[in-house]
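A look at the structure
This is what each chain is made of:
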Amino acid sequence: MEELQINYIGEWLRTGQLGHLLTIVSLVSALLATASFYIATTQEDQQLDLANSWKRIGRVSFGISGLCVIGIFCVLFYLIFNHRFEYKYVWQHSSLELPVYYMISCFWEGQEGSFLLWSFWTVVLGGFLMRWAGKWENSVMTFVGMMQIFLAAMLIGIYFFGYKVGSSPFLLLREDMPHLPLFKNANYANLIGDGNGLNPLLQNYWMVIHPPVLFLGFAATLIPFSYCMAGLWKRNFTDWVLPTLRWSLFTGALLGTGILMGGAWAYEALSFGGFWAWDPVENASLVPWLVLIAGIHTLLAYKHSGHSLGISLILISASLWTILYSTFLTRSGVLGDTSVHSFTDLGMSGQLLFFLLFFIALSIFLMLKNWSVVPKTEKEEHLYSREFWMFIGSLLLSVFALLITIDTSWPIFNKVFGTNRTITDPITHYNQYAVWFAIMIAILSAVVQYFRYKKDDLGRFLRKVALATVISVVLTGIIAFFGEITTIVYILILFAAIYVITANAAYIFMVLSGKIKIAGGSVAHIGVGLMLLGILFSSGKKEVISLNRLGIKFGEGFNEQDNRENVLLYKGLPIQMNEYWVTYVGDSISGPNHFYEVRYEKKKKKEDTAEEVFVLFPNAQFGKDNGLLPNPDARHYLTKDVFTYVSSVADKERTDKGIELKEIELGIGDTALVGGKFLILKNINPNPVHPMYLPLDGDIAAGAKLEIQTMDGRKYEAEPVYLIRRSEETGFDDFIDDLSLTLKFDKIYPKKGKVKLSMIQEEMTDFIIMKAIVFPYINVLWGGCLIMVIGFFMSIIQRYQEGKRKRKRKAAIE
C-alpha cells in the first residue's frame, strides 16, 4: 500500500498536477493571509487579542503560500531537468542539449517562470517583514499579501466566468494544441523528441544571475511602497520613515545592480557594440530606479528638515507604479519586435492592466483620503538649503524618467491614437537629452551635500566647494587637452564626472573628517562619477579597427556603416587592423555554438617579431528564425577591451570549390584591388613561356606579366597566356599555390590599350566577416558600478545602525 502511494505521488510529479494544485493553494492562502492581516490592522488599536489571533492566521496563511511557491519551483525544475516535453513550458524553453546551468535560466525565460521568480522573492521578503517589521507588520503585510494575490493569479491558468486568469507553466501541449494529429497517439510524449530550446541570446552566464537579482529588486520596490501606504492608512507619518529609507536603499542597490548586470550581459552577448542601447526593456528597468533614487533623496530631506513628505509619498509609490507599468509593457506584446527582451503576448493584457491600475488606484485613494493630515511645513525651503537642492535634483530625475517613459511608450500611443511614430536610432535620440540631465544631476551630486539643512550661508558654501571646483576645472583642462576632447558637450560631461569624484572625496575628508562608515552617499556619488567617466571614454572614444579598406559590399543585411566597419577574413590570410595583424584560424563546434578562432598578433615596431599574441573565440548560433546569432568575445586589459564579433560566415554546405571573384580590365601599370589582393599588370610579354604552351607557326600569343600583393605584404608573380590559334581564342592559366589562386588571360583590347583578366579563387570557401572595436577605459565604468553599489550598502548599514541606536534610546527612556 505504501509503495502504491509513493508511485501515485511520483505520477503527480511527472504529470505536473501537483504543480497546478500548488498554484491554486498559493492563491487561496494569499487571499486568506491578506484578509487576516487587514482585519488585524483594523483591530490592533481596539482589540489587541483579536488582532493577534488574526495576525497568527495571516502568518500561517502567508507561510503556506510561500511553501507552495517553493513547491512550484521544485516541480517545474523536475519537469525541465527530466525533459518532460509534453508540457508546453518545458518544450518552449528547454532542449536535450541544454547544460544544467542553463536549465535554471529556463525558469525565467517565459512569462510564467518570471512571475514565479517574482512571487518567490515576494514571499521571501514577506518572511523578513513578519520577523522584523514589529508594529508595522499587520499593515505592511496587507499590501504584500495583495501583491502576492496578483502574482499567484498570474500562474493559475483557469477560466473564471469565461475569462482566462493567468497562464499555467503546467499546461500540456495536447491541451494547448489539441487539433494536432500527433496527440491522437497515446504514446505522443515519446514522439515529441526534443524541445524548442533556450533563446541563444540568453545562453550566457549573466542570464543565470541577472534576472534573479533584477526580480529581487522588482519585488523589493513593494516594501517601501507598503510602508508608505501603511503610514497613510494609520496616519502615522514619523515611525515609518527610517524603515522605508532602509528598504528604499536596499531596493535601489538591487535594482541598480540588476540593471548593471543587464548592461554587462548586453556588452558580452549582443553585437551592437556597447552596454546600453536604450532598448524599451532596458528603459523599463531604468525608470523605476531613477524614480526611486529621487524618492530616497526627498525622504532624506523630509527626515532632516520636515520638507517634501508629500512628494516622497508620491515618488516612492511611483517607483512601484513604474515597475508594474514596465511589466505591462514587456508582457502585453505591445512592444512587438522593438525589444530583444520582451515577452510574447499570452492573452493576459487585460489582467496586467488591471494589476497596474489596482495599485495606482489604491495609492491615489489613500493619498486623497489622508492628504489633509499629511504634515506640511509653513515655510518654503530656503534657496540656500540642502533640502531645496535635493528637491531640484529629485525633480530632474523625475523629469528624466518621465521623458524616457514617454519615448518608450510610443508603441502604446501608436495603437491607442492610430499614430505611426517610431524611434529609428534610439541611441542618438535618447542621448540627445540624457547627456544634459546627466551633467546637471552630476553637478548637483557634487555640491548639494555642502549645503546645510534648513538654511545656510552662501559665502560659507562657496568657500567649502572652492577647492574641489578649482581642482576639477584644472583636471578637466588637462585631460581634455591630452585626451584630445574638443566637443563642448564631452568637455562638460568630463567636468561633471570629475567634479562628482573630487567634491565627494573632499566632503569625506574635509566635512566628515574621514569617517568612511557614514559616507555611503558620497561613496555612491563617487561611483556615479566614475561611471560617467567610463561611459565618456569607452563610448565617446571607442575605435572601430576593422575598417573595410577594400570597399567590399557584403550584400543583404549590411548597411553602409556595416560595410565600412566589417572586414572579410579568409582562413589563414592575415589582415592588418591598426597595431594588430588579425588572422582567421578556423572554426569548431560545441553543441549549438560555432566558435571562430581569431588570432591577434601585435608586432614590435622595428622588428618582425611578435610583441604580443592572443586568440579570441567569438561564437555564433544559427537560430531557426533569426539567422546568425553572434556572441562576442573580448580581450580584457586594464585600460581597454578589444571586442570582436562575427557578422557573417561562409556557407560550409556549398558544393562548388571555385569562386570567380571578378573580371578585370587593366592597362600596363594599372592596379586593381580584388578579393583582398592587389593585382598589378607589369607588362605584356609577346614571347610567353608556359609549361603547357608549345609555340606553333601562326600562333598569336601574349603573356600578362602580373604581380600579386597580399594585404600582409607578400608578393607573387604570375604569367597567364592568351593565345589565338587557327582563329580560335584559348589560353593557359597560371596558378599560385600559396593563395589557391588561378589567373586567366581572357582578351586583348588593342584600341583601349587594355587586357581582360579573370581571377578564380579556389578552395577559398572558408571565411568570416567580423567587426572589432577597442573600448578604452571601460573598466572605469565597471569599477564605478561596483563602487556605487558598495555606497548603497554602506548607507543601508548606516541606517540600520541609526535605527538600532534609536531603539536603544527609546528602551532606555521607557
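No experiment lies behind these values; they were computed from the predicted model shown.

**Re the packing of helix α21 (residues 520-540) against helix α23 (residues 778-813)**
The interhelical angle for the contact between α21 and α23, taken along N-to-C directions, is 165 degrees, at an axis separation of 7 Å. Judged by the angle between their axes, α21 and α23 are roughly antiparallel. Remark: the crossing between α21 and α23 carries left-handed chirality. Across the interface between the two elements, G520, G521, V523, A524, G527, V528, L530, M531, L533, G534, I535 and S538 of α21 pack against I778, V780, L781, G784, C785, I787, M788, G791, F792, M794, S795 and Q798 of α23. Looking at side-chain class alone, the contact of α21 with α23 contains 15 nonpolar, nine polar and no charged residues.

**Describing the domain arrangement of the protein**
Each assigned domain of the protein is listed with its residue range as follows: domain 1 (1-203), domain 2 (236-423), domain 3 (443-541 + 781-814), domain 4 (565-654 + 768-775) and domain 5 (662-762). On a C-alpha basis, the centres of domain 2 and domain 3 stand 23 Å from each other. Across the contact, 32 residues belong to domain 2 and 30 residues belong to domain 3. When the area that domain 2 buries against domain 3 is broken down by residue, the three leading residues are F275, Y384 and R386, summing to 26%. Our count for the domain 2 to domain 3 interface comes out at one salt bridge. When the shortest N-O distance is used, the salt bridge between K303 and E802 registers 2.6 Å. Run the count over domain 2 and domain 3 and you get seven residue pairs in polar contact (both at pLDDT 80 or more). Among the elements of the structure, α12 (241-269), α13 (280-305) and α16 (386-408) are those that each provide at least two residues to the side of domain 2 that touches domain 3. Looking at the side of domain 2 that touches domain 3 element by element, the count peaks at twelve residues for α12.

**Brief notes about the side chain of E565**
Along the chain, E565 falls in helix α22 (residues 560-565). Discounting chain neighbours no more than four positions away, the residues touching E565 are V544, S546, M770 and K771.

The rules behind the values
Every chain is numbered on its own, with residues counted from 1 as its sequence reads. In keeping with the predicted nature of the model, local features appear solely for residues at pLDDT of at least 70, side-chain atom pairs appear and are counted solely at 80 or more, and the whole-chain, interface and lining totals rest on all residues. Where side-chain values are given, they derive from all heavy atoms of the structure, hydrogens and water being excluded. Axes, fitted as lines to C-alpha atoms, cover a helix only where it is in contact. Angles between the N-to-C directions of the axes lie from 0 to 180 degrees. Counting from the N terminus, the helices are the DSSP runs of H or I reaching at least four residues and the strands are the DSSP runs of E reaching at least two. Roughly parallel refers to an angle under 35 degrees, roughly antiparallel to one over 145, roughly perpendicular to one between 65 and 115, and oblique to any angle outside these ranges. If you view the pair so one helix is near and one far, a crossing is left-handed when the near helix is turned anticlockwise from the far one by less than a right angle, and right-handed when it is turned clockwise. Every residue pair with non-hydrogen atoms within 4.5 Å of one another is taken to be in contact. Polarity classes work like this: nonpolar for Ala, Val, Leu, Ile, Met, Phe, Trp, Tyr, Cys and Pro, charged for Asp, Glu, Lys and Arg, and polar for all others, with Gly in that last group. For each domain, the first and last residues come from an automatic or database assignment. Accessible surface is computed with a 1.4 Å probe, and the buried area is the amount of it that two parts give up when combined, taken over both parts together. When a carboxyl oxygen of Asp or Glu lies within 4 Å of a side-chain nitrogen of Lys or Arg, that pair is called a salt bridge. Any pair of nitrogen or oxygen atoms within 3.5 Å is treated as a polar contact; in protein, a donor-acceptor pairing is required on top of that, and neighbouring residues in sequence qualify only through side-chain atoms on both sides.

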